[in-house]
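# Coordinate analysis (summary)
Residue strings, one per chain:
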Amino acid sequence: MKERIHTSADDIRSAFSASMSAMYRDEVPAYGTLMALVARVNEETLAADPHLQARLEATDSLERISEERHGAIRLGTPAELSMMRRVFDVMGMYPVGYYDLSTAGVPVHSTAFRPVGDAALKRNPFRVFTSLLRLDLIADEALRAQASEVLAGRRIFTDRAVELVEKAEKDGGLDAVDAEAFVGEVLETFRWHDRAIVSADLYKRLHDAHRLIADVVSFKGPHINHLTPRTLDIDKVQARMPGAGIAPKAVVEGPPTRKCPILLRQTSFKALEEPVSFIGEGGEWKAGSHTARFGEIEQRGIALTPKGRALYDKLLNDTRAIARPAADGSNAAEYEAALASVFEAFPDDWNEIRKAGLGYFTYSLTEKGRAGRIAGDDIEALIAAGHVQFDPIVYEDFLPVSAAGIFQSNLGDEAAQEFVASPNQVMFERDLGAGVLDEFAHYAGIEKASIEVCLGAAGMADA
Ligand code: OOG
Ligand code: NI
């Protein structure tokens, strides 16, 4: 019998993200405009900075620089979430981190499905920020029951997609023919449906409870609500969006522009109002509209330690106490000025960040370290002797305050709403059917392993 060769999970993920990109550009033309703008700005940035170009050539794959880094969906039930975990597993995407958005007035909690190893991230870093609606945060009991009933009646995965997931689980992978079919079938779950599965009246009541509830409950599936390419200059793309005919959200989320970038900066163009139809009285369709889909861009910096993250959170809080960005952009300049000045307290030099224990780094032997007889078990001494070098570890995850800002700006200003903060990771993991990886432990592990390799080499030279 001919041996079955499985397509790698990385290849399936790449094919999936490419198909999703093509589908989304087709569905949301403004997203194609954003992609073109991002590619142009990335080219200009590289042309103006040969050093950056050389560095990216060495570490990333330049021709893929402007491709999508993430997307997002919002699910309605525990069963949808646990099936989605199995789907992403086939593509080498695992749940990392727990994000409680209730504190920020959004009735969901979330994780990010993403590749975890260095090689997988390099091959294709595509991740999906995945939220689960929290009907338990909705006060109106009758509405909650109605929403549950609608959700219980929908099937977001095709039968064939479920069969292929089961096959992949049983056989440990999919061959090329099945992998291609899998990508096509799974894509169906992310597709836009302009026909709602609820009446205009129910839609309005869900919408009045929270716009996000209407978005999750009213449709046949969890349409992809945005995709996010990587930009090398987020400020430039933000500034140029209006000229390209797309309206940016008021401010860039995350830290300010810095010499040594930290964590994640993101911005988006505002969600578009799109025609949809609702179920009418006598089986006819009733025209209406829905606002949910947008395009986003991201620029990543170093992963911070719990200490660095606490400092980041404090400085962001301090900034927002001075100026809280208004959705209409009226105080954007004031907010940006406050952000820049408050963040002066965060060191902007790699070695200072490292020595203060604020960020995660990988350590490696320098040429001198590899060539010479290096000695010692003190990493600082090895660095001082020029035997060991360090590089920032890129943050591959998300930020709850930023995510809330992205949610809010695409739900409209009036969506800002207070919920009692109620993180519930235990419930989320039960619904997911698995634990989520702790991102801090993960980055710490990468750093520690790299130090051990350096010290191991030094130890060998010692002996
Ligand atoms: C997800 C928003 C979060 C991000 O980049 O922080 C997100 C959503 O709107 O569903 O994608
Ligand atoms: Ni996003």
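That block above? That's the structure.
Residues numbered from 1 in each chain as written. Chains lettered and ligands numbered in written order. Predicted model: local features only at pLDDT ≥ 70, side-chain atom pairs only at ≥ 80, totals over all residues. Heavy atoms only, no water.

The next subject is the packing of aromatic side chains. To describe a pair of aromatic rings, you give the distance between the ring centres and the angle between the ring planes. Under the definition given, this model contains 17 aromatic pairs. On the basis of an interplanar angle of 65 degrees and a centroid distance of 5.4 Å, the ring pair of F16 and F190 is categorised as edge-to-face. With F16 in helix α1 (residues 9-27) and F190 in helix α8 (residues 176-190), this pair connects stretches of sequence that are 174 residues apart. The two residues F16 and F190 agree in class, both being buried. Centroid distance Y395 to Y443: 5.9 Å. Interplanar angle 40 degrees. Geometry classified as tilted. With Y395 in the loop between β14 (388-392) and α17 (400-409) and Y443 in helix α19 (residues 439-462), this pair connects stretches of sequence that are 48 residues apart. Owing to a relative accessible area of 3%, Y395 belongs among the buried residues under this scheme. Through a chain of ring-to-ring contacts, the aromatic side chains of F16, F88, F113, F126 and F190 assemble into a single cluster. Against the face of F398 rests R300, its NZ or CZ located 5.4 Å from the ring centre. Looking at R354, its charged tip hangs above the ring of F390, at a distance of 4.5 Å from the centre. (Phe/Tyr/Trp six-rings, centres within 6.5 Å; stacked < 30°, edge-to-face > 60°. Helix = DSSP H or I, 4+ residues; strand = E, 2+ residues; numbered from the N terminus. Buried < 20%, exposed > 50% of the residue type's maximum accessible area, 1.4 Å probe, protein only. Lys NZ or Arg CZ within 6 Å of the ring centre and 35° of its normal.)

In this structure, L101, Y312 and F346 are the most contacted members of the largest nonpolar core, which totals 67 residues. In terms of residues, this core owes the most to one element, helix α10 (residues 211-217), which gives 5 residues. Apart from the residues lying within four places of it in its own chain, the contact partners of L101 are V106, V108, S110, F129, P400, A403, A404 and F407. By size, the runner-up hydrophobic cluster in this structure holds 56 residues, among which are V38, F88, V90 and V183. (Core = buried A, V, L, I, M, F, W, Y, C linked by side-chain atoms within 4.5 Å. Contact = heavy atoms within 4.5 Å.)

This next bit is on the site of ligand 1. Looking at ligand 1, the residues that line it are H70, A72, R74, F129, N225, H226, Q266, E296, F398, A403 and F407. The separation between an oxygen atom of ligand 1 and a polar side-chain atom of H70 is 3.0 Å. Here an oxygen atom of ligand 1 sits 3.0 Å away from a polar atom, N or O, in the side chain of E296. Its free accessible area being 310 Å², ligand 1 has 100% of it covered by the protein chains. (Near = heavy atom within 4 Å. Polar contact = N/O pair within 3.5 Å; in protein donor to acceptor, adjacent residues only side chain to side chain. Areas by Shrake-Rupley, 256 points an atom, 1.4 Å probe, with all protein chains shown as cover.)

What follows concerns the coordination of the nickel ion (ligand 2). Surrounding the nickel ion (ligand 2) are the protein donor atoms H70 (NE2), H226 (NE2) and E296 (OE), which sit 2.1 Å from the metal. The motif formed by the donor residues of the nickel ion (ligand 2), counted along the single chain, is H-x155-H-x69-E. Taken as a pair, H70 in strand β2 (residues 68-75) and H226 in strand β8 (residues 226-229) lie far apart in primary sequence, 156 residues in all. In this structure H70 comes out as buried when scored by relative accessible area, which is 2%. The class of H226 is buried, set by a relative accessible area of 6%. (Donors = N, O, S within 2.8 Å, 3.2 Å for Na, K, Ca; no water.)

These results come straight from atomic positions and should not be treated as a statement about function.
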